[in-house]
Amino acid sequence: MRVITGSAKGIKLKTPEGMLTRPTAERVKEALFSAIQFDLPGGAVLDLFAGTGQLGIEALSRGASRAVFVDARQEACELVKENLRRTGLLAQGTVIRADYLAFLERCKEQFSLVLLDPPYAEIFLENALKKISEIDILRKDAIIVTERPLGKELSGDFPNFERSRDYKYGKIAVTFFRFRGSGKGA
């Protein structure tokens, strides 16, 4: 697993041992960033189910100003910090160990890009989208990227989100949303 392009291009990221973290496949990561490359905001990024941190790190490498990495597991948080050090992006990243809903409840920061790649067997994705639609953490025209297993539909209504694109990569489905609410900033 490596950074695809930008300031940290080619740097190999440390991957976890065991099966508790499922990193996004490199071809899926490349495809999802290619899909938003011309819309990629330069503001703050939220990598909510950080795992290795590779998605947020890719966004930083491509010009995001800063990234917040959230994961409930201490081992994952340490792995994200190590990968930020490897890429020279540690100063631009904040790593927070917290439950995703608890983090969202208290979050006051505004984000231009939100990356949601939760554990597949859970309903974390729907819960996160619902909570994000209820709170004020998105800048106007923010992009939300979701990853889930192919066949798992996104159920629920997410006010102020416009479903913009759906892609399939092997057994993975990626959906992009645009925030069309009244977020702060332009």
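Here we summarise the structure given alongside this text. (Residues numbered from 1 in each chain as written. Predicted model: local features only at pLDDT ≥ 70, side-chain atom pairs only at ≥ 80, totals over all residues. Heavy atoms only, no water.)

## A few points about the sheet that holds strand E3 (residues 93–97)
- Taken in spatial order, the seven strands of this open sheet run E3-E2-E1-E4-E5-E7-E6, and their pairing is mixed. What marks the edges here is a single partner per strand, and that holds for E3 and strand E6 (161–169). The sheet shows a mean angle of 15 degrees between the axes of neighbouring strands, taken without regard to direction.
- Sheet analysis places strand E2 (residues 66–71) next to E3, joined by five bridges and oriented parallel. Following the sheet pairing, Val 68 is matched in E3 by Thr 94. (Pairing = 2+ DSSP bridges. Helix = DSSP H or I, 4+ residues; strand = E, 2+ residues; numbered from the N terminus. Axes fitted to C-alpha atoms, helices over the stretch in contact; angles between N-to-C directions.)

## What about the packing of helix H1 (residues 26–36) against helix H2 (residues 54–61)?
- As a packed pair, H1 and H2 sit with axes 11 Å apart at the nearest point and diverge in direction by 45 degrees. Here H1 is positioned oblique relative to H2, judged by the angle of their axes. Relative to H2, the crossing made by H1 is right-handed. Across the interface between the two elements, Lys 29, Leu 32 and Phe 33 from H1 touch Gln 54, Leu 55, Glu 58 and Ala 59 from H2.
- The residue makeup of the contact of H1 with H2, split by class, is four nonpolar, one polar and two charged. (Parallel < 35°, antiparallel > 145°, perpendicular 65-115°, else oblique. Left-handed = near helix turned anticlockwise from the far one by under 90°. Contact = heavy atoms within 4.5 Å. Nonpolar A, V, L, I, M, F, W, Y, C, P; charged D, E, K, R; others polar.)

## Let's talk about the nonpolar core
- Among the nonpolar cores identified, the biggest contains 29 residues, and Leu 32, Phe 69, Leu 113, Val 145, Val 174 and Phe 176 are the most heavily contacted of them.
- Elements represented by at least two residues in this core include exactly H1, H2, E2, helix H3 (74–87), strand E4 (111–116), strand E5 (138–149) and strand E7 (172–179).
- If one sorts the elements of this core by residue count, H1 sits on top with six residues.
- Ignoring anything within four residues of it in the chain, the contact list for Val 145 reads Leu 32, Ile 36, Leu 113, Val 114, Leu 115, Leu 116, Val 174, Thr 175 and Phe 176. (Core = buried A, V, L, I, M, F, W, Y, C linked by side-chain atoms within 4.5 Å. Buried < 20%, exposed > 50% of the residue type's maximum accessible area, 1.4 Å probe, protein only.)

No statement about biological role is implied by the geometric values presented.
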